[in-house]
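# Commentary on secondary and tertiary structure
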Amino acid sequence: MSFEAITVIREAEENAKKMIADAEASAKRMIADAEIKGRAGCDAALEKAGSEIGELKEKCIAKANEEETRIGAETETKKAVLTAKSDKQIEKAAMLIVERIVNT
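Read on for an overview of the structure. (Residues numbered from 1 in each chain as written. Predicted model: local features only at pLDDT ≥ 70, side-chain atom pairs only at ≥ 80, totals over all residues. Heavy atoms only, no water.)

## Some thoughts on the overall build of the chain
When helices and strands are counted, the chain shows one helix and zero strands. In terms of C-alpha radius of gyration, the chain reaches 44 Å, well past the compact-globule figure of 13 Å for 104 residues. The principal-axis extent of the C-alpha atoms belonging to the chain is close to 145 × 20 × 10 Å. For the chain, the exposed area adds up to about 9700 Å²; of that, 63% sits on carbon and sulfur atoms. Between the mean site of the 18 positive side-chain charges and the mean site of the 21 negative ones, the chain shows a separation of 8 Å. (Helix = DSSP H or I, 4+ residues; strand = E, 2+ residues; numbered from the N terminus. Rg over C-alpha atoms; globule rule 2.2 N^0.38 Å. Areas by Shrake-Rupley, 256 points an atom, 1.4 Å probe, with all protein chains shown as cover. Lys, Arg positive; Asp, Glu negative; His and termini not counted. Charge placed at Lys NZ, Arg CZ, Asp CG, Glu CD.)

If you want it as structure tokens, here you go:
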């Protein structure tokens, strides 16, 4: 082989090695960029989910407070009805006791 042929082959090998190194570096940069974009997407999704959870929590608390008020009002109504009934029964019982005492 002539010196020229060896030089051409050596240059071709060096160019091939440089192209491979450049391709590997480019692939590493692309992977790093994809990881950064992926993390940013995940972070944005987590932030959105956190915000939505906060909104849902506030809605649930508001609804629970409304239910508490409604149930409290219903309970007070039932309590008033039961108190009125028991007062009438106490009056009847007192009248019966007085009647028995008087009749004896």
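## Overview of the pattern of salt bridges
Applying the stated rule across the entire model yields three salt bridges. The partner of R70 in a salt bridge is E74, with the nearest N and O atoms 2.6 Å apart. On the criterion of helical spacing, the pair formed by R70 and E74 is a turn pair, its members being four residues apart in helix α1 (residues 3-103). Note on R70: relative accessible area 39%, which makes it partly exposed. Through salt bridges that share partners, E67, R70 and E74 make up one connected network. (Salt bridge = Lys/Arg side-chain N within 4 Å of Asp/Glu carboxyl O. Buried < 20%, exposed > 50% of the residue type's maximum accessible area, 1.4 Å probe, protein only.)

## A few points about the environment of A16
Secondary-structure assignment places A16 in helix α1. Sequence separation between A16 and K63 is 47 residues, and the spatial gap between their C-alpha atoms is 69 Å.

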